[in-house]
Amino acid sequence: MKISIIGYKNHASRLENLLKDMDIRPHMWNHHTDNFTDLIGSDGILISSPNDTHVQYIKDILDISPETYIFCEKPPAVNLEELDYLDGLDSDTKDKIFFNFNRRFSYISKLVKEKDLGKPVHFNFVSSHGLAFKDTFKDNWRFTSTNELMGVYGTVAVHYIDMCIWLLGECKSININKSTYSESKLADSVTIDMKFKNGCTTNIFVSYVTPFINRSNMIFENAIVEQEGGTINLYENWNTTDENGFFKKPNKQTLLEMKSSREYYNDSLKNSLGEFVEVVKDKDSFPSEYFSKSLESNRILLSQGVNND
């Protein structure tokens, strides 16, 4: 099985290492030096390149090798024209394209899908660090573009928007606010409030200008799921009281302890990539909802107004 990666450093290298752990040695394709026809004959191609190149690479791959399975990093598209192109693909083609919303395959997503925690009430996500202050990243495409889907909004927030849609279903309303504290041309801090048809509300905050924090707090009728870094704790039973009969927080159950949020993220990435590889090996198709929900998450990013602070 031949797997190729469009990319040559950073995230592409991470994908390369994960594939090697699966006993797959991928062909690394570098757009600076290599001929695109080198990708012909690949069973699967991973697109790990700047966001605004994703759709063009999908078009190029379909032109030279329409039978090849495609693994594409999120977001799928950076404008509505690109999104409409993807939406207009035939179903057989869509069933071979996998967008890497890897938090669908995280421990928390599996827990929420499989365990009865009661109805979801409110989710809160915070993911932030100080990338915008690093001199080595001033010329990075995340900061030099004027398309907001190239920055923290389309690179980080999209993960949480998609996970909420994956777990909660139809989004009824959304409000997005952005701020810029650094010299970036794009917003470096974004807050997103969503309300879903089932009544659950969510709040997402992502930023490139604060001390590191990675935290999730998901409240259900009968449980609370908390993630801090690589640790996940569960608190169950709304009817938990102290010796005086007053409500108190339920006892903590530690379900998962990883060294860091990076290790937790890598685990979901490994699961997502493994899902792709298995389908390629079996020459099978991806469930249609994988593609449709990816576009739904992307459309929310593109169609909602964003307020400047």
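Conventions adopted
- Residues numbered from 1 in each chain as written.
- Predicted model: local features only at pLDDT ≥ 70, side-chain atom pairs only at ≥ 80, totals over all residues.
- Heavy atoms only, no water.
- pLDDT = per-residue confidence, 0-100.
- Contact = heavy atoms within 4.5 Å.
- Phe/Tyr/Trp six-rings, centres within 6.5 Å; stacked < 30°, edge-to-face > 60°.
- Helix = DSSP H or I, 4+ residues; strand = E, 2+ residues; numbered from the N terminus.
- Buried < 20%, exposed > 50% of the residue type's maximum accessible area, 1.4 Å probe, protein only.
- Lys NZ or Arg CZ within 6 Å of the ring centre and 35° of its normal.
- Pairing = 2+ DSSP bridges.
- Axes fitted to C-alpha atoms, helices over the stretch in contact; angles between N-to-C directions.
- 1 Å grid on protein atoms, 1.4 Å probe; cavity = no way out; pocket = protein on both sides within 12 Å on 5 of 7 lines; lining within 4 Å.
- Points joined across faces, edges and corners; volume = space filled by probe spheres on them.
- Nonpolar A, V, L, I, M, F, W, Y, C, P; charged D, E, K, R; others polar.

Enquirer: Where do I start with the confidence of the model for the chain in this structure?
Expert: Detailed reading of the predicted model is not advised wherever pLDDT is low. For the chain, the average pLDDT comes to 92, and 96% of its residues sit at 70 or higher. Here residues 305-309 is a poorly scored stretch, pLDDT under 50, and it has 13 contacts once near neighbours within four places are set aside; other chains count.

Enquirer: Explain the packing of aromatic side chains here, please?
Expert: The relation between two aromatic rings is expressed through the spacing of the ring centres and the mutual angle of the planes. One pass over the structure, following the stated rule, counts 19 aromatic pairs. For the pair Y69 and F286, a centre-to-centre distance of 6.3 Å together with 85° between the ring planes defines the contact as edge-to-face. Note that Y69 is positioned in strand 4 (residues 69-73) and F286 in the loop between helix 8 (261-282) and helix 9 (288-303), a separation of 217 residues in sequence. The buried category is assigned to Y69, whose relative accessible area is 6%. By relative accessible area, F286 is classed as buried at 3%. Note on F98 and F276: the rings are 6.1 Å apart at their centroids and 55° apart in plane angle, and the pair reads as tilted. On the criterion of sequence distance, the pair formed by F98 in strand 5 (residues 97-100) and F276 in helix 8 is long-range, its members being 178 residues apart. Within the aromatic cluster, the residues linked to one another by ring pairs are Y69, F71, F98, F105, W166, F276, F286 and Y290. The ring centre of W166 lies 5.1 Å from the NZ or CZ of K113, which sits over that ring. In this structure, K249 is placed above the aromatic ring of Y235, and the distance from its NZ or CZ to the ring centre is 4.1 Å.

Enquirer: What's the story with the side chain of K94 in this structure? I'm lost.
Expert: Along the chain, K94 turns up in helix 4 (residues 91-94). For K94, a relative accessible area of 19% corresponds to the buried category. Beyond its immediate chain neighbours, meaning those up to four positions away, K94 contacts L86, D87, L89 and F291.

Enquirer: So what exactly am I meant to see when it comes to the sheet that holds strand 1 (residues 3-6) here?
Expert: One open sheet accounts for five strands, arranged 2-1-3-4-5; its pairing is parallel. The sheet is open, and its two borders are formed by strand 2 (27-29) and strand 5, each paired with just one other strand. This sheet shows a mean twist of 20° between the axes of neighbouring strands, independent of strand direction. Helix-sheet contacts for helix 1 (residues 11-21) involve strand 1, strand 2, strand 3 (44-47), strand 4 and strand 5, and the interaxial angle to strand 1 is about 165°.

Enquirer: Can you walk me through empty space enclosed by the protein in this structure?
Expert: Taking a probe equal in size to a water molecule and rolling it over the atoms shows the remaining empty space. By the definition in use, this model includes two cavities of 30 Å³ or more. Approximately 30 Å³ is the volume attributed to the second largest cavity. Taken together, R103, S106, I108, M163, S216, Q227 and Y264 make up the full set of residues lining the second largest cavity. Of the residues contributing to the lining of the second largest cavity, the split by class is three nonpolar, three polar and one charged.

Enquirer: Would you take a moment to explain unusual backbone geometry for this structure?
Expert: Residues apart from glycine generally show negative phi values, whereas peptide bonds are mostly found in trans. Residues K74 and P75 are joined by a peptide bond in cis, for which omega reads -10°. The phi dihedral of D23 falls on the positive side, at around 65°, and the residue is not glycine. Mapping D23 onto the fold places it in the loop between helix 1 and strand 2. For D23, a relative accessible area of 72% puts it in the exposed group. Even without being a glycine, N237 presents a positive backbone phi close to 95°.

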